[in-house]
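# Understanding the architecture of this molecule
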Amino acid sequence: MTEANAPRSICLLRLSALGDVTHVLPLLHTLRQAWPGLAITWVIGKGEHRLLDGLPGVRFIEYDKKSGLKGMREVRRQCGSGFDVLLQMQVSARANLLSAFIPARRRIGYDKSRSKDGHGLFINERIPDRPGIHVLDAIGSFAEPLGLQRDVVAWNMPVPDEAHTWARAQWADDGRTTLMISPCSSHALRNWRPERHAALADHAAAQGWRIVLCGGRSELERNTGDAILAAMQAREGVLDLIGKDTLKQLPALLARADLLVTPDSGPMHIANAMGTKVLGLHAASNPNRSGPYSDRRYCVDRYDDAARKYRGKPASELKWGSKIEAEGVMDLVTVDDAIAAFERYRAAAG
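Residues numbered from 1 in each chain as written. Predicted model: local features only at pLDDT ≥ 70, side-chain atom pairs only at ≥ 80, totals over all residues. Heavy atoms only, no water.

### Description of the sheet that holds strand 12 (residues 300-301)
Short version of the rule: Following DSSP output, two strands are said to pair if at least two bridges run between them. Elements are defined by DSSP. Helices are runs of H or I of four residues or more, strands are runs of E of two residues or more, and each kind is numbered from the N terminus. Should any heavy atoms of two residues lie within 4.5 Å, those residues are counted as being in contact. Only the contacting stretch of a helix is used when fitting its axis, a line to C-alpha atoms as for every element, and angles between N-to-C directions run 0 to 180 degrees.
Pairing is parallel in the open sheet, where six strands are placed in the order 9-8-7-10-11-12. Every other strand in the sheet has two partners, leaving strand 9 (239-240) and strand 12 as the edge strands with one partner each. Two strands pair when backbone bridges link them, and strand 11 (residues 277-282) and strand 12 are joined in this way by two bridges, in the parallel orientation. Looking at the pairing, L281 lines up with V300 of strand 12. Helix 13 (residues 335-349) contacts strand 7 (178-181), strand 10 (259-263), strand 11 and strand 12 of the sheet and is inclined by roughly 160° relative to strand 11.

Take a look at the structure:
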């Protein structure tokens, strides 16, 4: 698309979750690089807004999922005269309905294979249908109907200096390597057993690593952290930061780790965006679709085993993006799997 035909205003619609809004940042970078004067508005969820607040050149409109139609009408009011383009990057029924309140001439959505809940009724253009690609690449495809290619992956997360200052104050720069454990996903069936986290942490501690626990303020996260500590032999040296950081401090905290251990979760993708390596624990989800984008060498991948056990077929025969969130599925990831991944990281890091 030539500069003369470039849109003057674009609205991004991606409400959640923390990992997925992180995946939007490289697309945003592509738009800003191509059209520095483009007016960008992002309709986003409350927590996701707190994470990304401060992005230069972006006006946020916050939508609270609990506000229903009243909140949708408020979004419509804030949209004013509307936009040249809407990028409708979420296919849930709520997001599809919300998109109807956003006036835009061009309404670009997902390809048919990724559509659901009536998504096609709310759009008039689609991204290319490319099966078998990572979520970040699918989101990056939204540049193509605009005549752009997202060929550079840059996140540039808005992390204020005071967040980095807080993170640096949590432990000394004494040369020890740090294993951070973020044990909880927003989907409980993706979570690993606390005693297995404890066994991996004890193995790392025996190699001289510092162990740091992190997580939010929910009861599940606090209880999981307590269970990890109770099961550890080396618990005295553990730094427990569960519930002690804010969403603005979280990226800075994750950036201080050498290696993060986590299931498929928001912290996985935030850490990846901050340049931290991730030991991802995958059985309920496919790491090739939703693992840490930059480097999946240290992921444990038991997704195919899960497909065979819980779906009766290999992963290659499942619809791309299928989740296998079944009771006990994460037990397919063994302590030995995680220790082997940890040792792969140690060998690569030298």
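So, next bit.
### Some words on the environment of C214
What counts is decided by this rule: Type-normalised accessible area, obtained with a 1.4 Å probe on protein chains alone, sets the label of each residue: buried when under 20%, exposed when over 50%, and partly exposed for intermediate values.
Note that C214 resides in the loop between strand 8 (210-213) and helix 8 (219-231). The exposure class of C214 is buried, given its relative accessible area of 1%. For C214 and P128, which are 86 residues apart along the polypeptide, the C-alpha to C-alpha distance reads 38 Å. If near-sequence neighbours (up to four positions away) are discounted, C214 is found in contact with M180, I181, S182, P183, L241, I242, L253 and L254.

### Things to note about the state of the cysteines
Our working rule: By definition, disulfides here are pairs of cysteine sulfur atoms that lie within 2.5 Å.
The full count for this structure, using the stated rule, is zero disulfides. Here C11 is not disulfide-linked; the sulfur of C79 is the nearest cysteine sulfur, at 5.3 Å. Residue class for C79 comes out buried when judged on its relative accessible area of 5%.

### Here we look at the pairing of strand 2 (residues 39-44)
Selection rule: A crossover counts as right-handed when, viewed with the strands pointing away from the observer, the path leading from the first strand over the helix to the second turns clockwise.
Taking burial as the measure, the six residues of strand 2 include five buried ones, the bulk of the element. Across five bridges, the pairing between strand 1 (residues 9-13) and strand 2 is parallel. Bridged to S9 within strand 2 is A39. Regarding topology, helix 1 (residues 18-34) serves as the crossover connection from strand 1 to the parallel strand 2, and that connection is right-handed. On the question of chirality, the crossover connecting strand 2 to the parallel strand 3 (residues 58-62) by way of helix 2 (residues 46-52) is right-handed.

### Observations concerning the packing of helix 1 against helix 10 (residues 266-273)
As a reminder, the rule being used: Working definition: roughly parallel below 35 degrees, roughly antiparallel above 145 degrees, roughly perpendicular at 65 to 115 degrees, and oblique for all remaining angles. By definition, turning the near helix anticlockwise from the far helix through less than a right angle yields a left-handed crossing, and turning it clockwise yields a right-handed one. Charged residues are taken to be Asp, Glu, Lys and Arg, nonpolar residues to be Ala, Val, Leu, Ile, Met, Phe, Trp, Tyr, Cys and Pro, and polar residues to be all remaining types, Gly included.
Between helix 1 and helix 10, the least distance of the axes is 7 Å, while the angle of their chain directions is 30°. By the criterion of interaxial angle, the relationship of helix 1 to helix 10 is roughly parallel. Note on packing geometry: the crossing formed by helix 1 with helix 10 is left-handed. Residues L18, G19, T22 and H23 of helix 1 lie in contact with helix 10, whose contacting residues are G266, H269, I270 and A273. Grouping the amino acids of the contact of helix 1 with helix 10 by side-chain chemistry returns three nonpolar, five polar and no charged.

### Focus: the nonpolar core
Short version of the rule: As used here, the term nonpolar core means buried Ala, Val, Leu, Ile, Met, Phe, Trp, Tyr and Cys residues forming a set that is joined through side-chain atoms within 4.5 Å.
Core analysis: the largest hydrophobic core is formed by 56 residues, its most contacted members being L12, L31, W42, L52 and L87. Looking at this core element by element, the count peaks at six residues for helix 1. Once residues within four sequence positions are removed from consideration, L12 is found in contact with V24, L28, L31, I40, T41, W42, V43, L87 and M89. Among the nonpolar cores identified, the runner-up in size contains 39 residues, and L259, L279, A326 and F342 belong to it.

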